[in-house]
Protein chains: 2
Amino acid sequence: MSLPSQIPEGYRPLDSKTLPRYLGDIASVREVLGGQPDNWSVAEVGDGNLNLVFVVEGPSGAVCVKQALPYLRLVGDSWPLPLSRNFIESEALIVQGRHAPGLVPKVHHVEPTLALLVMELLRPHIIMRKGMIAATTYPRFAEHISTFMARTLFFTSDLAMTAGAKKERIATFCINHELCKITEDLIFTNPYYLAENNRWTSPQLDDAAAAIRADGDLKIAVSDLKVRFMSDTQALIHGDLHTGSIMVTDSDTRVIDPEFAFFGPMGFDTGALLANLLINYFSQDGHATTVSPRESYQAWVLETADTVWNRFHDKFVGLWSEHHSGDAYPDVLFTDADLVARVRRRYMRKLFGDTLSFAGAKMIRRILGLAHNIDLEHIEDPDRRAVCERRCLHLARDLLVNTATFRSIEDVTAAARAVRESVG
Amino acid sequence: MSLPSQIPEGYRPLDSKTLPRYLGDIASVREVLGGQPDNWSVAEVGDGNLNLVFVVEGPSGAVCVKQALPYLRLVGDSWPLPLSRNFIESEALIVQGRHAPGLVPKVHHVEPTLALLVMELLRPHIIMRKGMIAATTYPRFAEHISTFMARTLFFTSDLAMTAGAKKERIATFCINHELCKITEDLIFTNPYYLAENNRWTSPQLDDAAAAIRADGDLKIAVSDLKVRFMSDTQALIHGDLHTGSIMVTDSDTRVIDPEFAFFGPMGFDTGALLANLLINYFSQDGHATTVSPRESYQAWVLETADTVWNRFHDKFVGLWSEHHSGDAYPDVLFTDADLVARVRRRYMRKLFGDTLSFAGAKMIRRILGLAHNIDLEHIEDPDRRAVCERRCLHLARDLLVNTATFRSIEDVTAAARAVRESVG
């Protein structure tokens, strides 16, 4: 296999033999693991498509090691991906960890030449999406994720940063444009024409897919979003904030895998999360059985969506009150309390609209694009799956095209309930 | 004087003695000038506030040399300014020259270490603002400047560039954040509170200045624009496109001095130009005399404003038809001619609104902020000047706050005529 050109001199994929020797030279890692490299056990636990992921255990503790591979393999395709995404992930984790302590894995060591990152091993956490498919509730989740989003987005926006400091960070994250391009294609473009790698539940959804490809209003709306995604440097966003990027226990929540991070529109993160909650809500009708009815779980999912947005809103506005140190809406101009309240209402209303629009785009891509969600994919009966998917598409289109008709998150979750009753 | 920290090793200001020896080693410059360095004449023609500017003449031709100084001196203030602005200017001139050939000075040589740029000497051009104060018409101007704006903005936008190529250029221009900060403060912030370096025609405009500082709608509108300026990387903009940055003859037009260039909202350029035409229009009543009435010149100025926007609009849309190669509004989605027309109408309508908003902000800063225009400053009688300025402020506020009520450029120029009749 020939390697892409941007591979740094000295890059080599590590393995179970070479990794302990490498880690043995890093004081911070030795301290976590304890003992000697010879006593450390190493297990490769990644799926090998994109990254190597090792769990390394020593007498005193364990770490997770993530090393980027120069290729992405997915559904038979293979294309080069820059190793710098590992550096981007570590930069993002460090920023997020500073602003939202305890909500991302701790970074122990970063090695850009090897495209390698040593971080806290999360256990007994599981991927939240898997827990949600099994109808597990997470009582602390709304509180945690609303804090994560409010703090990481606020503190990297023009409300908290000076324009100069922000531009220096924007420049750093501009190198991540190849990962941005994946999003631009897979989310904002491919589902809206007959792209080669699209797939959907066929023939059940052939009509729905064709209707979306012929929907001028929708194509304009999603293309406007794509322009926002490409040109609006509102804040440092995670870039892939779905329930597969969140690891949870009953009491703990951690956001992982910010390889797609860059300065983009905040609504892309808040919308991704909302989309994935709504997808899970609709998918439950495909998982429900007599012994495992899902109505009460579905209620929990929608309540969670309401709570996440409302707490996010309040926390973001609270941070604005207490930590406004950026160049946007400067205090010297906004001394009048009523005017300040008006500015914040407008800002949050716009962010709410962005959230719904991006959520709609995220829902559609998971049903008509290349990469699907196991929430839906694990529904074996295609007729049953298609009903759930059709409901997702219906609400998604409404969120994207009729955004302004939703005045509150409760309007959105009420619409989800209504679609479930009436579509399918 | 101590030097700022970002001064590159090897930087030294050149003078009439050291410059010819330096230029003698550059083949492209020797070729233009002809003869030997000993025969070249050198004159320093800058005002010494910001940059050294030399005219160097040889037997076969002449060049202009611009070297950045590490400080800006203005109205008694002095603050460090990065020398990298000279590199930014050369990068911008090269890009603009590629997209709009013949409308910027040709670059002969760039030397980042010395913060020095050798370019075509423009003669017998004069600064357009001076010509307009003297009521000189420029019959080719609307045609030229509309081409400059359409081509430089279109070809550096997401309509023409791929997102990845654009992000690489965005990163380069992010270093110019200190010059952006000057704009952020002087245009979008200071006129709206009692900033120390504000000035205005006093006491005549004390009431108008106070009204603007108390105008909540206006402060929200201008602060929204500031956020756009800080975070929207729509295209590579000139960043200071007023009539003082344009050199003209009867038949030639050149845009100079893109030191403030960066990836920002297009409307900031198109708005700057419109603002400066409107300011000149209102200022003419302060210059009119019995021997030099200005009514017909004022008519020419407003006709020019109409023509500039309308041609810009048509050329921009024409480029979109012929040279669309960027990632925005991809052809694979927009195969239907009616839908394409709709997308373009929406895009141009938004750009028109941005143009008016930024024009309003630009007009206000020239009357209430630190840096004023000689169009108005050269009106000696303060009562007479204040009448012109009050009309500018009146229209400017309307452009910023009631943007959507203007449906065409003819609405704007009609409003200018109406304000001239009714305010004062």
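Being a predicted model, the structure only gives us computed values, none of them experimental. (Residues numbered from 1 in each chain as written. Chains lettered and ligands numbered in written order. Predicted model: local features only at pLDDT ≥ 70, side-chain atom pairs only at ≥ 80, totals over all residues. Heavy atoms only, no water.)

Visitor: Please provide a residue-by-residue account of the sheet that holds strand β11 (residues 253-255) of chain A, values included.
Guide: Residues and elements named next belong to chain A. Read across the sheet, three strands follow the order β8-β10-β11 without closing on themselves; strand pairing throughout is antiparallel. The open sheet has two edge strands, β8 (126-127) and β11, and neither has a second partner. Where β8 meets strand β10 (residues 246-248), two bridges bridge the pair, whose relative direction is antiparallel. Bridging across to β10, I126 finds its partner in V248. Helix α5 (residues 141-155) rests against β10 and β11 of the sheet, and its axis sits at about 35 degrees to β11. (Pairing = 2+ DSSP bridges. Helix = DSSP H or I, 4+ residues; strand = E, 2+ residues; numbered from the N terminus. Contact = heavy atoms within 4.5 Å. Axes fitted to C-alpha atoms, helices over the stretch in contact; angles between N-to-C directions.)

Visitor: Could you give an account of the sheet that holds strand β7 (residues 116-120) of chain A, naming the residues involved and the relevant values?
Guide: All names here are of chain A. If you trace the five strands from one edge of the open sheet to the other, you get β1-β2-β3-β7-β6, paired in antiparallel fashion. Looking at the sheet topology across the chains shown, the edges are occupied by β1 (41-44) and β6 (107-111). Averaged over all neighbouring strand pairs, the angle between strand axes comes to 20 degrees, with direction disregarded. As defined by bridge partners, β6 adjoins β7 across four bridges and the pair is classed as antiparallel. Bridged to H109 within β7 is V118.

Visitor: I'd love a proper account of the interface of chain A and chain B, names of residues and values included.
Guide: Between chain A and chain B, the residue contacts involve 42 residues of the former and 42 residues of the latter. A buried area of about 3,700 Å², summed over both sides, lies between chain A and chain B, and 62% of it is on carbon and sulfur atoms. Between the two partners, chain A and chain B, sit six salt bridges. Salt-bridge contacts for R342 of chain B lead to D217 of chain A; the nearest nitrogen and oxygen are separated by 2.5 Å. For the pair chain A and chain B, the interface holds 14 residue pairs in polar contact (both at pLDDT 80 or more). Ranked by residues supplied to the side of chain A that touches chain B, first place goes to helix α9 (residues 216-231) of chain A with ten residues. In terms of residue class, the side of chain A that touches chain B is built from 20 nonpolar, eight polar and 14 charged. (Buried area = accessible area lost by both parts, 1.4 Å probe. Salt bridge = Lys/Arg side-chain N within 4 Å of Asp/Glu carboxyl O. Polar contact = N/O pair within 3.5 Å; in protein donor to acceptor, adjacent residues only side chain to side chain. Nonpolar A, V, L, I, M, F, W, Y, C, P; charged D, E, K, R; others polar.)

Visitor: Pulling in residues and values, what's your account of the nonpolar core?
Guide: If you look at the biggest cluster of nonpolar residues, it comprises 235 residues, and the most contacted ones within it are F316 and M363 of chain A together with F316 and M363 of chain B. Sequence-distant contacts of F316 of chain A, that is, excluding residues within four places in its chain, are made with A150, L153, F154, L159, M266, Y347 and M348 of chain A. By size, the runner-up hydrophobic cluster in this structure holds 23 residues, among which are I7, V29, V42 and L69 of chain A. (Core = buried A, V, L, I, M, F, W, Y, C linked by side-chain atoms within 4.5 Å. Buried < 20%, exposed > 50% of the residue type's maximum accessible area, 1.4 Å probe, protein only.)

Visitor: Quick one: what's the story with helix α10 (residues 267-287) of chain A, residue by residue and with numbers?
Guide: If you check α10 of chain A, its first and last C-alpha atoms are 30 Å apart, about what 21 residues at 1.5 Å a residue would give, namely 30 Å. For α10 of chain A, the tally of buried residues reaches 21 of 21 residues, placing the bulk of the element in the interior. (Expected span 1.5 Å × (residues − 1).)

Visitor: How would you sum up the relation of the copies chain A and chain B? Please name residues and give values.
Guide: Between chain A and chain B, which share one sequence, the superposing operator has a rotation angle of 180 degrees and an axial displacement of 0.0 Å; the RMSD is 0.0 Å. The transformation just described matches what one would write down for a two-fold rotation axis. A symmetric contact is evident, with 100% of the interface residues of chain A recurring at the interface of chain B. (Least-squares fit on C-alpha atoms with pLDDT ≥ 70 in both.)

Visitor: Pulling in residues and values, what's your account of the packing of aromatic side chains?
Guide: Residues and elements named next belong to chain B. Scanning all chains against the criterion turns up 38 aromatic pairs over all chains. Between F154 and F316, the ring centres sit 5.5 Å apart and the planes meet at 85 degrees, which makes this aromatic pair edge-to-face. With F154 in helix α5 (residues 141-155) and F316 in helix α11 (residues 295-323), this residue pair connects regions lying 162 residues apart in the sequence. Of the two residues examined, F154 and F316, each falls in the buried class. When the ring of F188 is compared with that of F358, the centres are 6.1 Å apart and the planes differ by 75 degrees; the resulting orientation is edge-to-face. Here F188 is found in the loop between α7 (177-186) and α8 (206-213), whereas its partner F358 is found in helix α12 (residues 337-368), with 170 residues between them in sequence. (Phe/Tyr/Trp six-rings, centres within 6.5 Å; stacked < 30°, edge-to-face > 60°.)

Visitor: Could you give me a rundown of the pairing of strand β3 (residues 62-68) of chain B, with the residues and numbers involved?
Guide: Residue and element names in this part refer to chain B. For β3, the tally of buried residues reaches seven of seven residues, placing the bulk of the element in the interior. Of the two faces of β3, the one holding A62, C64, K66 and A68 and the one holding V63, V65 and Q67 are both buried throughout. Direction of pairing for strand β2 (residues 51-57) relative to β3: antiparallel, over a ladder of seven bridges. Residue pairing in the sheet places V55 in a bridge with C64 of β3. Linking β2 to β3, which pair antiparallel, is a turn of four residues. As paired elements, β3 and strand β7 (residues 116-120) share five bridges and run antiparallel to each other. In the strand pairing of β7, V63 is matched with E120.

Visitor: Got a sec to walk through the side chain of S223 of chain A? Specific residues and values, please.
Guide: Among the structural elements, S223 of chain A can be located in helix α9. Looking at S223 of chain A, the relative accessible area reads 0%, which means it is buried. Setting aside residues no more than four positions away along its own chain, S223 of chain A makes contact with Y329, P330, L333 and F334 of chain B.

Visitor: So what's going on with the pattern of salt bridges? Residues and values would help.
Guide: Going through the model one piece at a time under the given rule, you end up with 48 salt bridges over all chains. Of the charged contacts in the structure, one is a salt bridge between D327 of chain A and K181 of chain B, with a shortest N-O distance of 3.7 Å. Here the residue D327 of chain A occupies a position in the loop between α11 (295-323) and α12 (337-368), and K181 of chain B occupies one in helix α7, the pair thus bridging two chains. Across the salt bridge formed by K181 of chain B and D185 of chain B, the nearest N and O atoms sit 3.3 Å from each other. In this pair, K181 of chain B and D185 of chain B both sit in helix α7, four residues apart, roughly one turn of the helix. Residues joined by salt bridges that share partners form a network here, namely R228, D232, K350 and D354 of chain A.

Visitor: Tell me what's going on with unusual backbone geometry, and back it up with residues and numbers.
Guide: Residues and elements named next belong to chain A. Backbone torsion omega between S202 and P203 reads 10 degrees, so that peptide bond is classified as cis. Here P203 lies in the loop between α7 (177-186) and α8 (206-213). You will see that A115, though not glycine, has its phi angle at about 50 degrees, which is positive. Tracing the sequence through the fold places A115 in the loop between β6 and β7. A positive phi angle is found at A135, which is not glycine, with a value near 65 degrees. By the element assignment, A135 lies in the loop between α4 (128-133) and α5.

Distances and angles like these do not, on their own, reveal function.
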